[in-house]
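Residue-level listing of the chains:
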Amino acid sequence: SLGLGFGIVGSLVGTNAYFFVVELFPTSVRNTAVGISLNIGYTIFGGLAPILAQASLEASPLGPGILYAIGGFISALSILLGLFLQSRGVVQLAHVRKEPHFERSCGFVG
């Protein structure tokens, strides 16, 4: 039952990022761009995560948790920065709908 709970919570939390990511690219290159960017990110950070976690344990027993918190902060900051730049007209998310799913689900309707 614990695994089922983690699966449900993970699906609720993890899907919001994809709603935002797909709107960063025009529809003509969306599939390729999302695939390449996500796989490069998984390769770099997934490959370095065990090394960084082990190295951070030498500095503090809370080192891996601190690394996860920093990663979450950077992710949240990048999403908020993207939404801020869109509201200022600096960046245009390539969505097709007038109200993207991400903005509606987080209350950022402009």
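Scroll up to find the structure this text is about.
This report concerns the structure included in the present document.

Thresholds, definitions, all that
Residues numbered from 1 in each chain as written. Predicted model: local features only at pLDDT ≥ 70, side-chain atom pairs only at ≥ 80, totals over all residues. Heavy atoms only, no water. Helix = DSSP H or I, 4+ residues; strand = E, 2+ residues; numbered from the N terminus. Buried < 20%, exposed > 50% of the residue type's maximum accessible area, 1.4 Å probe, protein only. Contact = heavy atoms within 4.5 Å. Axes fitted to C-alpha atoms, helices over the stretch in contact; angles between N-to-C directions. Parallel < 35°, antiparallel > 145°, perpendicular 65-115°, else oblique. Nonpolar A, V, L, I, M, F, W, Y, C, P; charged D, E, K, R; others polar. Expected span 1.5 Å × (residues − 1). Bend = angle between axes of the 7 residues up to and from the residue.

The number of helices and strands found in the chain is four helices and zero strands. Counting the 110 residues in the chain, one finds 15% classified as buried. In the chain, 48% of the contacts between residues at least 6 apart in sequence involve partners at least 24 apart.

So, about the packing of helix α2 (residues 30-59) against helix α3 (residues 63-87). It is at 7 Å that the axes of α2 and α3 come closest, and there the two elements cross at 125°. On the basis of their axis angle, the class for α2 and α3 is oblique. Only Gly63, Pro64 and Leu67 of α3 make contact with α2, whose side of the interface consists of Leu52, Ala53, Ser56 and Leu57. Residue classes in the contact of α2 with α3 are distributed as five nonpolar, two polar and no charged.

This brings us to α2. A rise of 1.5 Å per residue sets the reference length of α2, with its 30 residues, at 44 Å; its end C-alpha atoms lie 41 Å apart and thus fit the reference within 8%. Its axis deflected by about 40° at Ala49, α2 carries its strongest bend there, up to four residues before the proline Pro50. Residues Arg30, Ala33, Val34 and Ser56 constitute the buried set of α2. Contacts from the buried residues of α2 go to α1 (2-22) and α3.

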